[in-house]
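Below, each chain spelled out in residue letters.
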Amino acid sequence: MEAFINSTVMVTLAEIGDKTQLLSLVLATKFRNKIGIVLGILAATLLNHAVSAWMGTWLSQYMESNISHWILAGSFIVLGLWLLIPDKDEDVSSKYDKYGAFAVSCVLFFIAEIGDKTQIATILLGAQYSSVFWVTMGTTLGMLLANVPVVYLGQHLMKIIPLNTVRILAAVAFIIAGVFHLMKYNLV
């Protein structure tokens, strides 16, 4: 259950202000079918994060040495620092809008998640907890918690949330996770 809760919290925080959250906002302005957008986000995230969690779990089998624990902890810390750099809004082409909210959301979200902070966080969480199922469920819930309100509340919500504060909070959470990993294995 720890893997689920921590994965949910970490990805929810990491996703706020992320490019995929901005993508949610763009999709919400393009399509009236909000349920289609949410289901597209869900499908893309489940697939992307399941593969990512599996990759992290696979990598964890090679993590028996102190060096690998330093690498994992350092990766959490670097990801925390990366979260301090705001994402830029990317232009989304309208040429695929004819395929509908679900298909467009699913494809764009899957592509946007490749190499994204939350995908890397999912790999790291998979490596830390060695649980594909709980990490995937937690990170997927985290993505939904961060993106569904944007789909339904859009611009109004983005004006209320102090993104810099949340970005700093997310960065601190990942840095603390890295430090705790070092402490767990008596590396500091």
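To start, this report covers the structure provided alongside it. The written sequence of each chain sets the order in which its residues are numbered from 1. Given that the model is predicted, a residue must reach a pLDDT of at least 70 before its local features are reported, and side-chain atom pairs must reach 80 or more before they are shown or counted; all residues, however, enter totals for whole chains, interfaces and linings. Excluded from the side-chain calculation are hydrogens and water; included are all heavy atoms of the structure.

The way it works is that DSSP assigns letters per residue, a run of H or I at least four long becomes a helix, a run of E at least two long becomes a strand, and they are numbered from the N terminus. Along the protein, the regular secondary structure elements total eight helices and zero strands. The size measure is the radius of gyration over C-alpha atoms, and the globule rule it meets is 2.2 Å times the number of residues to the 0.38 power. For 188 residues, the compact-globule estimate of 2.2 N^0.38 gives 16 Å, and the C-alpha radius of gyration of the protein, at 17 Å, lies within 12% of that figure. Contacts between residues were defined by any pair of non-hydrogen atoms, one from each residue, lying within 4.5 Å. Taking the contacts inside the protein whose residues are at least 6 apart along the sequence as the reference set, 91% of them involve residues at least 24 apart. Approximately 9500 Å² of the protein is accessible, and the part contributed by carbon and sulfur atoms is 70%. Counting 11 positive and 11 negative side-chain charges, the protein places the centres of these two groups 8 Å from one another. For accessible areas, the Shrake-Rupley method is used with a probe of radius 1.4 Å. Any residue's cover is judged against the shown protein chains and nothing else. Neither His nor the chain ends contribute to the count of charged residues, in which Lys and Arg are positive and Asp and Glu negative. Here the site of a charge means NZ on Lys, CZ on Arg, CG on Asp, or CD on Glu.

Moving on to unusual backbone geometry. Despite not being glycine, Ser130 has its phi angle at roughly 50 degrees, a positive value. In this scheme, a residue with accessible area under 20% of its type's maximum is buried, one over 50% is exposed, and one in between is partly exposed, where area comes from a 1.4 Å probe on protein chains only. Judged by relative accessible area, Ser130 falls into the partly exposed class, the value being 41%.

What follows is about the nonpolar core. Residues Leu27, Ile37, Phe76, Phe109, Leu125 and Phe174 are the most contacted members of the largest nonpolar core, which totals 38 residues. Elements represented by at least two residues in this core include exactly helix H1 (2-15), helix H2 (19-30), helix H3 (34-60), helix H4 (66-82), helix H5 (101-113), helix H6 (117-129), helix H7 (132-160) and helix H8 (163-184). Take the buried residues of types Ala, Val, Leu, Ile, Met, Phe, Trp, Tyr and Cys, join any two whose side-chain atoms come within 4.5 Å, and each joined set is a nonpolar core.

All right, on to a nonpolar patch on the surface then. Judged by side-chain polarity, Trp70, Leu81, Leu84, Ile168, Val172, Ile176, Val179, Phe180, Met183 and Val188 come together as a nonpolar surface patch covering roughly 930 Å² of accessible area. With six residues, the single largest contributor to the nonpolar patch is H8. If you trace the backbone, Ile168 turns up in helix H8. Residues enter a patch when their relative accessible area is above 30% and they make no salt bridge; the linking distance is 9 Å between like charges and 5 Å between nonpolar side chains (Val, Leu, Ile, Met, Phe, Trp, Tyr). What counts as a salt bridge is simple: a side-chain nitrogen of Lys or Arg found within 4 Å of a carboxyl oxygen of Asp or Glu.

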